[in-house]
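# Coordinate analysis (summary)
One letter stands for each residue in the lines below.
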Amino acid sequence: MAQTAADVLIETLLDWDVQVVFGLPGDGINGIMEALRTRQDRIRFVQVRHEESAAFMACGYAKFTGRLGVCLATSGPGGIHLLNGLYDAKLDGQPVLAITGLPYHDLIGTHTQQDVELDRLFMDACRYNARVMGPSHVENVVDLACRTALTYHGVAHVTIPVDVQEMKADKLRSKRNVPHHTSDVAARSARLPADEDLRRAAEHLNAGSKVAILAGRGALGAGDELERVADLLAAPIVKALLGKAVVPDDSPYTTGAIGLLGTRPSQEALEACDTLLIVGTSFPYIEYYPKPGQASGVQIELDPMRIGLRHPVDVGLVGDSRRTLTALLPLLARNGDRAFLEKAQRGMKEWNALMDARAARRDVPMKPQVIAAELGRRLRDDAIVACDSGTITSWWAGHIPARRRQLHSVSGNLASMACGLPYAIAAQLAYPDRQVVAFVGDGGLSMLMAELATCVRYRLPVKVVVIKNNTLGQIKWEQMVFLGNPEYGCDLQPIDFAMVAEACGATGLTVDDPAQCGKVLDRALGTPGPVVVQAVVDPFEPPMPPKITLEQAAKFAQALVRGEPNREKIALTVLRDRVREVV
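Quick summary incoming for the structure in this document. (Residues numbered from 1 in each chain as written. Predicted model: local features only at pLDDT ≥ 70, side-chain atom pairs only at ≥ 80, totals over all residues. Heavy atoms only, no water.)

Taken in spatial order, the six strands of this open sheet run 14-13-15-16-18-17, and their pairing is parallel. Each of the sheet's edge strands pairs with one partner strand only, and the pair in question is strand 14 (407-409) and strand 17 (507-511). Direction aside, neighbouring strands of the sheet carry axes that sit 15° apart on average. The sheet contacts of helix 3 (residues 51-65) involve strand 13 (384-387) and strand 14, and relative to strand 14 the element is tilted by about 140°. Contacts from helix 15 (residues 391-399) reach strand 13, strand 14, strand 15 (436-441) and strand 16 (463-468), with the element oriented near 135° to strand 15. (Pairing = 2+ DSSP bridges. Helix = DSSP H or I, 4+ residues; strand = E, 2+ residues; numbered from the N terminus. Axes fitted to C-alpha atoms, helices over the stretch in contact; angles between N-to-C directions. Contact = heavy atoms within 4.5 Å.)

And the structure:
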């Protein structure tokens, strides 16, 4: 029997070794759903409770595996719901394929039901974006979509009218469209810069006396090479947030994260360096880079467009980070002056002691640093941690250290809330034998918390630790510290997430006493199946930047004076914290 267009679509995905599709059924993709049903022994369809989750899962799957993430949504509103997760993939450079439905092909543009031309809507999000025009068009388009997403590390989108999905695949072929003229062969290049560029880069790096390395997501998998370079150049490794797992946080060469969520030694390293090696990152906060004219620069980047994007580098090395560092290493001379690195190492000892002191607090309400640190101590060496966006990101960055075999991620450049749980679900599906934890805030979790039922349905032992402070903390502190405004519109109606977990069929636990925190986490991590730990914390604990500027302090004081509704509690909390650290 002749195959349908939808059959060809799914067979092409199988040719590209796609193993899982995240999505939600709808009448605009009925043909595709049937093709998935008849191949369920070869490709897994994971039903989500919201299409935004499907796109986040596809992005998380790509981040944690390096493989193509695929999401599926129906016509109209289903496809629209994908957009946030697809922009997450776009901005973080992840290979994701979105497949959507369209209305009947001869009614598009006539105000029919769900008449949204999704290919037009998705134009900005995608590196490749095509509407299937007939059954003989499918194979060509899907091959190119998969290749583009994987090669260019971005989003591809294929949308197909619902009636075309069920058309016979051997019909309506044009004379020029030779059957099977496309290929599913994944082509790879050496991805190495020119020898002359490598020599010039080595000259700049060897000439530096205070070399710093800034590494991000593009350096994942190149940790050993980075540490060898750091040792030769006596250079501290500063990590952008998406590069948290590039090297372990106990490496003697790293000063941890940079930026508002970073460490003081990282900020000081970039403020004082005379040479900067940027590896696989477009860290967006330009104010944290060395000032123009302060430091010569070398940048390793796969995308030539991003060379010199944030810092006026002298040499750009276009290539894969690991292979480029391997080629660069023999050209580097050992820096005998270790003072710059040693100062950074001393700074990290002091910083870690400060973080330990903040996490050792035993007063109630419980500090969020306590639950983060207690969780970090209990994670397995192979754990995968998916974090959400908000103040939760501060506690993850500063108090959950990355170990050598662990994987960590977050919504980086988009900084979207609600990504943590979908990321964790995708990770657990990809690695069923590894420990997977979603470290999330109450604001982010409540957006897509129906996916707890997805964990239960597919028996995924994801552990969800939700920091409950009943407020949109990041927005609250931004309103005060950056704008000088009293907080407004940030308080959240409390939700009992432990009860929600139980209602979904998962295990729900609550902890509000720091003395019991470790015991509750031990129980959660040892319980089979999905578990939610609701950690009730102090809503007035501020996420402190590594250095407080005079402007930030002035804005904060201005917000208190202008009528901040919780000014007494906030001022008292901040004062107590600072006094404890001083004494």
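All right, on to the pairing of strand 10 (residues 275-279) then. By the criterion of burial, strand 10 is predominantly enclosed, with five of the five residues buried. Here strand 10 shows no split at all, with T275, L277 and V279 on one side and L276 and I278 on the other all buried. With five bridges joining them, strand 7 (residues 211-215) and strand 10 adopt parallel strand pairing. Its bridge partner lying in strand 10, I213 is registered against L277. Both strand 10 and strand 11 (residues 296-301) contribute to a ladder of five bridges, which runs parallel. When the sheet's bridge partners are listed, T275 is paired in strand 11 with S296. (Buried < 20%, exposed > 50% of the residue type's maximum accessible area, 1.4 Å probe, protein only.)

Take the environment of E301 next. Considering the arrangement of structural elements, one finds E301 in strand 11. Separated by 170 residues in sequence, E301 and R131 have C-alpha atoms that sit 32 Å apart.

With the rule as written, the count across this model stands at three cavities of 30 Å³ or more. In this structure, the largest cavity spans a volume of roughly 50 Å³. For the largest cavity, the full set of lining residues is P368, T391, W395, N469, G473, K476, W477, V537, D538, P539 and E541. Those elements that provide at least two residues to the lining of the largest cavity are helix 15 and helix 19 (473-481). Counting residues per element, the lining of the largest cavity draws most heavily on helix 19, at three residues. Looking at the lining of the largest cavity, its residues break down into five nonpolar, three polar and three charged. (1 Å grid on protein atoms, 1.4 Å probe; cavity = no way out; pocket = protein on both sides within 12 Å on 5 of 7 lines; lining within 4 Å. Points joined across faces, edges and corners; volume = space filled by probe spheres on them. Nonpolar A, V, L, I, M, F, W, Y, C, P; charged D, E, K, R; others polar.)

All right, on to the pattern of salt bridges then. With the rule as written, the count across this model stands at 30 salt bridges. For the salt bridge of D538 with K367, the shortest nitrogen-to-oxygen distance reads 2.9 Å. Within this pair, whereas D538 is found in the loop between strand 18 (531-536) and helix 22 (550-561), its partner K367 is found in the loop between helix 13 (339-359) and helix 14 (368-378), the two being separated by 171 residues in sequence. Overall, the relative accessible area of 6% leaves D538 in the buried class. Given the relative accessible area of 3%, K367 is considered buried. Across the pair R377 and E374 runs a salt bridge whose closest N-O atoms are separated by 3.3 Å. In this pair, R377 and E374 both sit in helix 14, three residues apart, roughly one turn of the helix. A residue is classified by how much of its surface remains accessible, and E374, at 9% relative accessible area, is buried. One connected set of salt bridges, linked through shared partners, spans R362, E374, R377, R378 and D522. (Salt bridge = Lys/Arg side-chain N within 4 Å of Asp/Glu carboxyl O.)

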